[in-house]
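Listed below, chain by chain, are the residues.
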Amino acid sequence: MERWPALELASTIRHDGDGGVADDLATVEGATRWIQERSAADLVADEPLRLDLIELRQAVRALFARAVSPAPASPADAHRLMPAAEATARLNAAAAREPVAPQLDWPDEGVPAVRLLSDETAPSIRLLGALARDAINFLSGPQRTQLRSCTAPRCVRYFIKSHGRQEWCKPSCGNRARAARHYRRQRGEDGGAPS
């Protein structure tokens, strides 16, 4: 299964299991944990990096909301999305902070491959640049058409639709949506009175 770091960044806002929303980047410790779980680097976040990650996440989520339109955006931020032009500018600025040059590798026996080289020494700039480039590649690629906002009650995630009938990001969201639909049907059948 293909990994999309930009989708993982957007998913740092998630349902907390108790009817609320959790933010994995709410603290420096949480940001450090998220970074280290997704990379081999031992990068330790500080407050400026945490704030940069949140700003990048806001831009990514705003552009994800635009990508899923006319379907509804995630309810976590649908009421406070930044304008698409501002989100695009923030994303592009984050990508531009780390200048990279593509390099072609063509082994004698094998397939040519491209890798990006950078002279940037600051791990935080490299992280932000990589996340921004991934978001740009994601949003300009074919997978954008499969991006969805989970419609399960209380879920705030975006996900890649992997098959034709998929409506939710994970099975537990499907169970919650079916239970809510059943509850609404039961209330509708008996005139709205609680059972």
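Residues numbered from 1 in each chain as written. Predicted model: local features only at pLDDT ≥ 70, side-chain atom pairs only at ≥ 80, totals over all residues. Heavy atoms only, no water.

1. Notes on helix α3 (residues 47-68)
In step 1: For α3, which comprises 22 residues, the first-to-last C-alpha distance of 31 Å matches the rise-based estimate of 32 Å (1.5 Å per residue) to within 8%.
In step 2: Here α3 starts with a cap whose side-chain oxygen sits 2.9 Å from the backbone nitrogen of L49, and that cap is D46. (Helix = DSSP H or I, 4+ residues; strand = E, 2+ residues; numbered from the N terminus. Expected span 1.5 Å × (residues − 1). Polar contact = N/O pair within 3.5 Å; in protein donor to acceptor, adjacent residues only side chain to side chain.)

2. Some words on the packing of helix α4 (residues 84-96) against helix α5 (residues 123-140)
In step 1: Where α4 contacts α5, the two axes come as close as 7 Å, and the packing angle between them is 130°. Between α4 and α5, the crossing angle belongs to the class labelled oblique. Classified by chirality, the crossing of α5 by α4 is left-handed. From α4, L91, N92, A94 and A95 reach across to α5, where they touch L128, G129, A132, R133, A135, I136 and L139.
In step 2: When its residues are assigned to classes, the contact of α4 with α5 shows 8 nonpolar, 2 polar and 1 charged. (Axes fitted to C-alpha atoms, helices over the stretch in contact; angles between N-to-C directions. Parallel < 35°, antiparallel > 145°, perpendicular 65-115°, else oblique. Left-handed = near helix turned anticlockwise from the far one by under 90°. Contact = heavy atoms within 4.5 Å. Nonpolar A, V, L, I, M, F, W, Y, C, P; charged D, E, K, R; others polar.)

3. So, the state of the cysteines
The bond known as a disulfide is covalent and runs between the sulfur atoms of two cysteines.
In step 1: Across all of its chains, the model carries 0 disulfides by this definition.
In step 2: No disulfide involves C150; its sulfur sits 3.7 Å from the nearest other cysteine sulfur, which is in C155.
In step 3: With a relative accessible area of 4%, C150 lands in the buried category.
In step 4: Here C155 falls in the buried class, since its relative accessible area comes to 1%. (Disulfide = S-S within 2.5 Å. Buried < 20%, exposed > 50% of the residue type's maximum accessible area, 1.4 Å probe, protein only.)

4. Description of the pattern of salt bridges
In step 1: Tallying each qualifying case throughout the model produces 11 salt bridges.
In step 2: A single salt-bridge network, built from bridges that share partners, covers R3, E8, E37 and R38. (Salt bridge = Lys/Arg side-chain N within 4 Å of Asp/Glu carboxyl O.)

5. With respect to the packing of aromatic side chains
In step 1: What the rule picks out here adds up to 3 aromatic pairs.
In step 2: Measuring from centroid to centroid gives 5.3 Å for F64 and F138, while their planes differ by 45°, and the two rings are tilted. Here the residue F64 occupies a position in helix α3, and F138 occupies one in helix α5, the gap between them amounting to 74 residues.
In step 3: For the ring pair F64 and Y158, a centre distance of 5.6 Å and an interplane angle of 75° mean the geometry is edge-to-face. (Phe/Tyr/Trp six-rings, centres within 6.5 Å; stacked < 30°, edge-to-face > 60°.)

6. Here's the deal with α4
In step 1: For α4, which comprises 13 residues, the first-to-last C-alpha distance of 18 Å matches the rise-based estimate of 18 Å (1.5 Å per residue) to within 8%.
In step 2: All of the buried residues along α4 are A87, L91, A94 and A95. Looking straight down α4, one finds its buried side chains confined to an arc of 100°; they lie on one side. The outward face of α4, more than 90 degrees from its buried face, is lined by the exposed residues A85 and A96.
In step 3: Buried-residue contacts for α4 involve α3 and α5. (Arc of directions from axis to C-beta.)

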